[in-house]
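# Commentary on secondary and tertiary structure
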Amino acid sequence: MREALLKEGVELTLIYGKLASAEFETRKDQVDLEWGKFIRNRSIRLGKVELIWQPCLSDLRDKNMVIVEQANKLLLNYLLMFTRRFLGIKFCYWGHGRNMQSNETSLFNRFKYLFINNCDWWFAYTQGVKDYLVNKGFPPHKITAVQNAIDTRALKQQYAEVSQAEVDAVRTELGITSENVGIYCSAMYPEKRLDFILESCMMIKKAIPDFHMIFLGSGVEAYKVESAANTHEWIHYLGPKFGQDKVKYFKISALFLMPGLVGLGILDAFALETPMVTTTYPFHSPEIEYLENGKNGIITENDVTAYSNAIIDLMVSSSKYKDMVDYCTVCAQRYTLDVMVNNFKNGILHSLQLNENQH
């Protein structure tokens, strides 16, 4: 997006900090950007509530627009919200509109709603988030639905380049001769519902004797999967895997099992031609909108028996499964980083009242 905006005569500066919580230390997924400006956040604790101060006011003096994450804990947001007219800076939110991992009527969400309209522009993750914001009274012409995505080009290429020899080697390594293989690939924490997955796997195994299950990832609940793998030879826990190492395990897997929180992992499912099966879990991230039930994946009732039966049915129905894989490849071309960048760029230009004729 930085490069796309430069072509339009707009300079993008990224100011970022890092979180120091135990969860993020375990996941090890925070990086540094050469062209971004790192600032050390200051954390303030009030009981169980963590507030964060981002000391970057001096960096905003010559800016026309500031885009911030819509988060209750970011103290800078409140300052900019109430001084934006005086400073002459457009103040814009980037987010979900609410915390989708908690009840809509929770105390923190009700607090968030107090400020949901106190900005000049909204960059909404998805069309569904935009609809939600309009329902909350924000003007639709001041909302950009960016279609949140990650860059899956490398994943798609790696998937296409996995050789038969590599596939055979992985199968031999795990002792898998079946085509009936499920995979889980994500962080391992309570919202991912690992107990639900493991219970479902037991049901699937009874109906499909040659079923195998692969788990990739790590986190505070990894011990549950590790224990199951130590007990059942058909359950394989391989820890965190990335890049080509991750892709080869998807190559031998038929379905991506994710009954709990679904987020950007749905784009991995499309890129790696492995339809996702999830449930009507109430706390999915916005990207759940990309899953079209029965077309590029499955959404079952929030019930372990219904979930297991849907997987069993899909594994024994080759034509239904093939159609789903084919549509995943279509969706992999639809939900791309290029589309997101273009949407975000156009929203910024529109908000700044710029157009190509001015350049």
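Our subject is the structure listed above.
A few points on the structure. (Residues numbered from 1 in each chain as written. Predicted model: local features only at pLDDT ≥ 70, side-chain atom pairs only at ≥ 80, totals over all residues. Heavy atoms only, no water.)

### Some details on the packing of helix α6 (residues 153-161) against helix α10 (residues 243-251)
- The geometry of α6 relative to α10 is characterised by a closest axis approach of 9 Å and an angle of 55 degrees between their N-to-C directions. With respect to α10, the axis of α6 lies oblique. Considering only the axes of α6 and α10, their crossing is right-handed. Of α10, the residues touching α6 (which contributes L155, Q158 and Y159) are G243, Q244, K246, V247, F250 and K251. (Axes fitted to C-alpha atoms, helices over the stretch in contact; angles between N-to-C directions. Helix = DSSP H or I, 4+ residues; strand = E, 2+ residues; numbered from the N terminus. Parallel < 35°, antiparallel > 145°, perpendicular 65-115°, else oblique. Left-handed = near helix turned anticlockwise from the far one by under 90°. Contact = heavy atoms within 4.5 Å.)

### Observations concerning the packing of aromatic side chains
- Evaluation of the coordinates by the stated rule reveals 17 aromatic pairs.
- Here Y184 and F215 contribute two aromatic rings whose centre-to-centre distance is 5.9 Å and whose plane-to-plane angle is 45 degrees, an arrangement assigned as tilted. Of this pair, Y184 sits in strand β9 (residues 181-185) while F215 is found in strand β10 (residues 212-216), placing the two residues 31 residues apart along the sequence.
- With a relative accessible area of 0%, F215 lands in the buried category.
- Geometrically, the ring pair formed by F270 and Y335 is stacked, given 6.1 Å between the ring centres and 25 degrees between the ring planes. Here the residue F270 occupies a position in helix α11 (residues 265-271), and Y335 occupies one in the loop between α13 (318-334) and α14 (337-351), the gap between them amounting to 65 residues. (Phe/Tyr/Trp six-rings, centres within 6.5 Å; stacked < 30°, edge-to-face > 60°. Buried < 20%, exposed > 50% of the residue type's maximum accessible area, 1.4 Å probe, protein only.)

### Topic: the sheet that holds strand β5 (residues 65-69)
- In spatial order, the strands read β5-β6-β7-β8; together these four strands make up an open sheet with parallel pairing. Of all the strands in the sheet, just β5 and β8 (143-145) have a single pairing partner and so form its edges. On average, adjacent strands in this sheet sit at an angle of 20 degrees to one another, irrespective of strand direction.
- With three bridges connecting them, strand β7 (residues 121-124) and β8 associate as parallel partners. Within the sheet, the bridge partner assigned to W122 lies in β8 and is I143.
- Packed onto the sheet, helix α3 (residues 75-87) meets β5 and β6 (90-95) and runs at close to 140 degrees relative to β6.
- Strands in contact with helix α5 (residues 127-135) are β6, β7 and β8; relative to β8, the strand with the most contacts, it is inclined by about 155 degrees. (Pairing = 2+ DSSP bridges.)

### Things to note about the nonpolar core
- Counting residues in hydrophobic clusters, the biggest one holds 102 residues, and the most contacted among them are M213, I214, F215, I266 and F270.
- The element best represented in this core is helix α12 (residues 304-316), accounting for seven residues.
- Beyond its immediate chain neighbours, meaning those up to four positions away, I214 contacts L174, I176, V181, G182, I183, Y184, H236, L238, Y249, I252 and S253. (Core = buried A, V, L, I, M, F, W, Y, C linked by side-chain atoms within 4.5 Å.)

In short, the description is geometric, and any link to function would need to be established separately.
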